[in-house]
Amino acid sequence: MARILLVEPDNDNKYPPIGLMKIASYHKSKGDIVEFYKGKAPYILINKMDRVYITTLFTFYYHHTIDTIIHYSNYINGNKIYIGGIAATLLQHDFFKDTGLKNVIVGQLTDSSIIGYEDHINIDNLPLDYDILDDISYQYPAGDNFFIYTTRGCPRACNFCAVSTLEPKFKETNNIIEQITSIREKYGDKRNILIMDNNILYSEKLEDIVTNLISLGFAKENRTYIKPNSFEIIMGKIRRRQAAGNSWIQQEELLCEYLRQFKRKVTAKNTSEQFSDILNEINSADNKYEILFKYENILIEIIERYRYKKPLPRYIDFNQGVDVRLLNKKKMKLLSIISIKPFRLAYDNVNMTKKYTKAFQMAYDYGIRYFSNYLLYNYKDSPNDLWRRLHKNVQLYKEKPDIQAFSFPMKYAPIDRCDRNFIGKKWNKKFLSAINVIINVTRGVVAKEMDFFYKAYGNSEDEFIKILFMPNEFIKHRLFFEQKGYINLWSKCYNKLNDKEKCDLALLLSGEQDKNLTISKNIEKILPFYKITKNAASRNYLNLLNKNVELLGNTRLQHGI
Amino acid sequence: YSIKLNGKELRKNYRENKHVLDSNIIFWDLRAKSGANDTPGDKIGILWFTFNRKLTSSKKDDHDYGIIVRSKNIQMGNNDTFADQTFNSKDYVATYRELTQMLRGVYGELLINSPTLKDNARREWFKIDENSYYLKNIITDFMRRLHKYRYSASKYYNNAELNNKKRLKEALTDLVSVDTNSINVNTFNDEINEDNDSIDKKIGFQFADEDMPRESLTKRRAYEELMTLIYEFFKKERKNEIFLKLRAYIKRNYDVMSK
């Protein structure tokens, strides 16, 4: 019986580590004790382990991941550390070099011999072990869903995408019913399903997949989800953790807290008294689990009587999106009978506009009302392209007031780089930081409302470029600086710049200017605006600006507003 | 860890109905790295520690603080050895002052008995090689956990909201490593709160609570110490009414100054 530690570096991830959950299933089936830790575990824990598996995700977290790996290699022999995941696959040689470790696994674990076992199990096909997520206090925002694959790989091989390296071959793996049934039996039902396929529309078995999803309760407008009895779920967790040799103190506390909160829902007098007595006995007991076990059936019955059991709709999320180039009426008709939310479409360049619009319209015609749209930028596109795509979206959304829709601009970062500092040919550092500031206001989302869009991104491509040139502080606190008159002044200076001066200004603001660059008078006038902070403007430190004011004539900044 | 005298288990009531081993002494078992062919690492020593669970900072006159390092029963360095080694490691944990500060209120020993760790000539540490480097990493990790615990405890003490409590529990779990020490973190945590409530009641800020109730704990403590001294002086001089005037003046002008 071995002790296995599964590690994920402590980044804020939305999705749980699916690879580690499969490895957990594998090791638990061998009778090993498996623990999960997020970040750098203490020496006293690492010391006891026979193996450590460390997952890796984005390549731009490379240095942080290396730091985590080195922490573990400080305390445990390097032969016992296994590194895998997306970044490890894409940057295998860098991991070898920077960690000095040899067990850097590329691709999926399709055979347990890759990690030194002789039972030749396809670990990648194993069901996920959700119990390991209770080993840590971090809550994955999308943790409590079914995660499944029906296909692997994607034949497109887009240059910006890592899938062709990670999953070179496209293949069908549809065993949804088996995957979901086994999870339901062991861990209880979950409401939603995340289908992680890279390009599901390539599947020749789409009809089977849809049929299977309907049979599992994911038909459109069917309300089939009733939240399971939490008491039963947590008791099940405790039992499994006891059997697996894991600590279950946290789950016990969680259960006691759940019962305390549930007490107010028990309205019948006698039952309420009975419930309170049981609760008191639990609270005063040294061994709470014993008491919980003693009254398990009674508590299940009481909770069953009073808990919320209204059926809720279920949703399917094709997490990697739907390929607009492959969407046709036949496929759309199939997809329209399952409850997809949101319908994710990629709009990666302006040349796709016709196909994208057609796909969007088709989805709407077949009853889709929740949309999510990814827009790649900082790749081969230009800022103008981005504005056109964003604007197109907002126009499409405006014509359909009964939809909910969001656009997500996604900045391109090459998959073989260890940071996010890549700058596209038609972009510069200033523009990229300005986009960040605009997007951060709404946490990365571009909403569908037109007035907000025009305010944030401008009424035209030229206005968008002008906003990108604006001092970031002005972009961030637009209303404030407008009211104070700073933006107006800045605009006057900006409008005097010719095209060459604008290029020079962009270089200067990006810190990429040539040392022989001659700064024109117009640029000299506009540069001081980039030093102004909201704090300074609030306190009316106007000396520098007032000099500019004199040069510009009679325009005055408003004071004391 | 069973301690026997004449074949009989030696137990002493440390607190009410608690054995000495139930007094929340925590053990870290120290082993060398395991071999390449899965042979377990040799035991190199043991670290035991306890701490007074006082969340607020300890007084400077506590001379018995810290983890004393002993190699083959000879003391290495001083009370701040752990801080020194951590400060000299490649990983940053905290400033030197913070490292020494966090050892106050912690009591324990690091007992090393290993042929692979050779004392240096000054008997303040071990000769620099991969084994002492490995030990330094362990000490750095301990100090990192202790720092995290102290920091979260301080945050929780100043703001007892749920997230801070969660972080405190996590930090404590990492430090005391629940399953080897059979310590119920939840009970331990509650006892921490009890201890600190009673400590505050004992101190009973006589002046600070009235004169500056909304200021931070640090300020109130400093003010209290100062006013107590001043009060004692004027009491000795039998000029209590001047003390009252002085106090009223300070309170009035402090309010104006802080605005």
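Above this text is the structure in question.
My aim in this report is to walk through the structure given alongside it, one point at a time. (Residues numbered from 1 in each chain as written. Chains lettered and ligands numbered in written order. Predicted model: local features only at pLDDT ≥ 70, side-chain atom pairs only at ≥ 80, totals over all residues. Heavy atoms only, no water.)

Before going further, it helps to spend a moment on the side chain of T150 of chain A. As for its position among the elements, T150 of chain A is in the loop between strand 5 (146–148) and strand 6 (151–152). Within polar-contact distance, the side chain of T150 of chain A engages the side chain of D197 of chain A at 2.3 Å. (Helix = DSSP H or I, 4+ residues; strand = E, 2+ residues; numbered from the N terminus. Polar contact = N/O pair within 3.5 Å; in protein donor to acceptor, adjacent residues only side chain to side chain.)

Taken as a whole and assessed by the stated rule, the structure comprises 49 aromatic pairs over all chains. Relative to F142 of chain B, the ring of F49 of chain B has its centre 4.9 Å away and its plane inclined at 75°; by these criteria the two rings are edge-to-face. Of this pair, F49 of chain B sits in strand 4 (residues 43–51) while F142 of chain B sits in helix 3 (residues 130–158), and the two are 93 residues apart along the sequence. You'll find F49 of chain B and F142 of chain B in the same group, each marked buried. What links up through ring pairs into an aromatic cluster is the set Y43 and Y75 of chain A together with W28, F49, F82, Y134 and F142 of chain B. For the cation-ring pair, K341 of chain A lies above Y370 of chain A, with the distance from its terminal atom to the ring centre recorded as 4.2 Å. (Phe/Tyr/Trp six-rings, centres within 6.5 Å; stacked < 30°, edge-to-face > 60°. Buried < 20%, exposed > 50% of the residue type's maximum accessible area, 1.4 Å probe, protein only. Lys NZ or Arg CZ within 6 Å of the ring centre and 35° of its normal.)

Attention now goes to the interface of chain B and chain A. Every contact between the two is made by 27 residues of chain B and, on the other side, 20 residues of chain A. Between chain B and chain A the total buried area reaches about 2100 Å² when both faces are included, carbon and sulfur atoms providing 43% of it. Linking chain B with chain A are one salt bridge. For the salt bridge of K169 of chain B with E253 of chain A, the shortest nitrogen-to-oxygen distance reads 2.8 Å. Where chain B touches chain A, the interface holds ten residue pairs in polar contact (both at pLDDT 80 or more). The set of elements that each furnish at least two residues to the side of chain B that touches chain A consists of strand 3 (26–31), helix 3, helix 4 (162–176) and helix 5 (178–181) of chain B. Examining the composition of the side of chain B that touches chain A, we find that six residues originate from one element, helix 3 of chain B, more than from any other. A per-class count over the side of chain B that touches chain A returns seven nonpolar, seven polar and 13 charged. (Contact = heavy atoms within 4.5 Å. Buried area = accessible area lost by both parts, 1.4 Å probe. Salt bridge = Lys/Arg side-chain N within 4 Å of Asp/Glu carboxyl O. Nonpolar A, V, L, I, M, F, W, Y, C, P; charged D, E, K, R; others polar.)

Residue and element names in this part refer to chain B. Taken across its six residues, strand 5 (residues 66–71) has five buried, putting it largely inside the fold. Two strands pair when backbone bridges link them, and strand 5 and strand 6 (residues 74–76) are joined in this way by three bridges, in the antiparallel orientation. The residue bridging R70 from the neighbouring strand is Q75, located in strand 6. In this structure, the hairpin formed by strand 5 and strand 6 is closed by a connection of two residues, where K72 is found at a positive phi of approximately 50°. (Pairing = 2+ DSSP bridges.)

All right, on to unusual backbone geometry then. Cis geometry marks the peptide bond from K341 of chain A to P342 of chain A, where omega comes out at 0°. Along the chain, P342 of chain A falls in the loop between helix 14 (329–335) and strand 12 (343–346). A positive phi angle, near 50°, is found at H120 of chain A, a position not held by glycine. For H120 of chain A, the position within the fold is in the loop between helix 5 (92–99) and strand 5. For N73 of chain B, which is not glycine, the phi dihedral falls at a positive 70°. Residue placement: N73 of chain B occurs in the loop between strand 5 and strand 6.

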